[in-house]
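So the chains spell out like this:
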Amino acid sequence: MHRLLVLYPKPADPDHFRDYYVANHLPLVMNWPGLLAWRYSFDVAATGGEAPYFAVFEGDFADAAALAAARASPHGRRVAADVANYATGGAVVIHYPVQDGTG
């Protein structure tokens, strides 16, 4: 499993961010080729002090190659281009292989 993590600093207009993200951006994300699962939250909190991020998105792909193909696809480029329509605070995008743990 390979995860895409997007961290969003506080935008200039939080209400616009929330409304646009849910009504416009997430419908694009849902049709992203190769996306196995996704989740997001606007309730980002820090264990101490104020959280540096307003929102977070996680998307799971089979592997790094599947993520790379999804991002390079026409639809992936459309998803990336749409970020400017709501994320006035920018976005931090990282990805990594997920290691399963057992207890």
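Please refer to the structure higher up on the page.
Residues numbered from 1 in each chain as written. Predicted model: local features only at pLDDT ≥ 70, side-chain atom pairs only at ≥ 80, totals over all residues. Heavy atoms only, no water.

> Which residues make up the sheet that holds strand E4 (residues 92–97), and what are the values?
Read across the open sheet, the 4 strands follow the order E2-E3-E1-E4; overall the sheet is antiparallel. Both edges of this open sheet fall to strand E2 (37–41) and E4, since each of them pairs with a single strand only. For this sheet, the mean angle separating the axes of adjacent strands, direction not counted, is 15 degrees. Of the strands in this sheet, strand E1 (2–8), E2 and strand E3 (55–61) are in contact with helix H1 (residues 14–30), which crosses E2 at around 175 degrees. (Pairing = 2+ DSSP bridges. Helix = DSSP H or I, 4+ residues; strand = E, 2+ residues; numbered from the N terminus. Axes fitted to C-alpha atoms, helices over the stretch in contact; angles between N-to-C directions. Contact = heavy atoms within 4.5 Å.)

> Now, about the environment of valine 44: what can you tell me, with residues and values included?
Mapped onto the secondary structure, valine 44 falls in the loop between E2 and E3. In this structure the C-alpha to C-alpha distance between valine 44 and leucine 7, which are 37 residues apart in sequence, comes to 9.7 Å. The contacts of valine 44, once residues within four sequence positions are left out, are Ala51, Tyr53, Phe54, Ala55 and Val56.

> Break down the side chain of aspartate 82 for me, with residues and values.
Here aspartate 82 is to be found in helix H3 (residues 74–82). Of the side chains bearing the opposite charge, arginine 78 lies closest to the buried aspartate 82, which forms no salt bridge; the N-O distance is 7.3 Å. Side-chain polar atoms of aspartate 82 contact the side chain of histidine 25, separated by 2.8 Å. In contact with aspartate 82, not counting residues within four places along its chain, are Tyr20, Asn24, His25 and Leu28. (Buried < 20%, exposed > 50% of the residue type's maximum accessible area, 1.4 Å probe, protein only. Lys, Arg positive; Asp, Glu negative; His and termini not counted. Salt bridge = Lys/Arg side-chain N within 4 Å of Asp/Glu carboxyl O. Polar contact = N/O pair within 3.5 Å; in protein donor to acceptor, adjacent residues only side chain to side chain.)

> Residue-level account of the nonpolar core, with values.
Among the nonpolar cores identified, the biggest contains 21 residues, and Tyr8, Phe17, Tyr21 and Trp32 are the most heavily contacted of them. At the level of secondary structure, the elements contributing two or more residues to this core comprise E1, H1, E3 and helix H2 (64–72). Counting residues per element, this core draws most heavily on H1, which supplies 6 residues. If near-sequence neighbours (up to four positions away) are discounted, phenylalanine 17 is found in contact with Tyr8, Pro11, Phe42, Phe54, Ala55, Tyr86 and Ala87. (Core = buried A, V, L, I, M, F, W, Y, C linked by side-chain atoms within 4.5 Å.)

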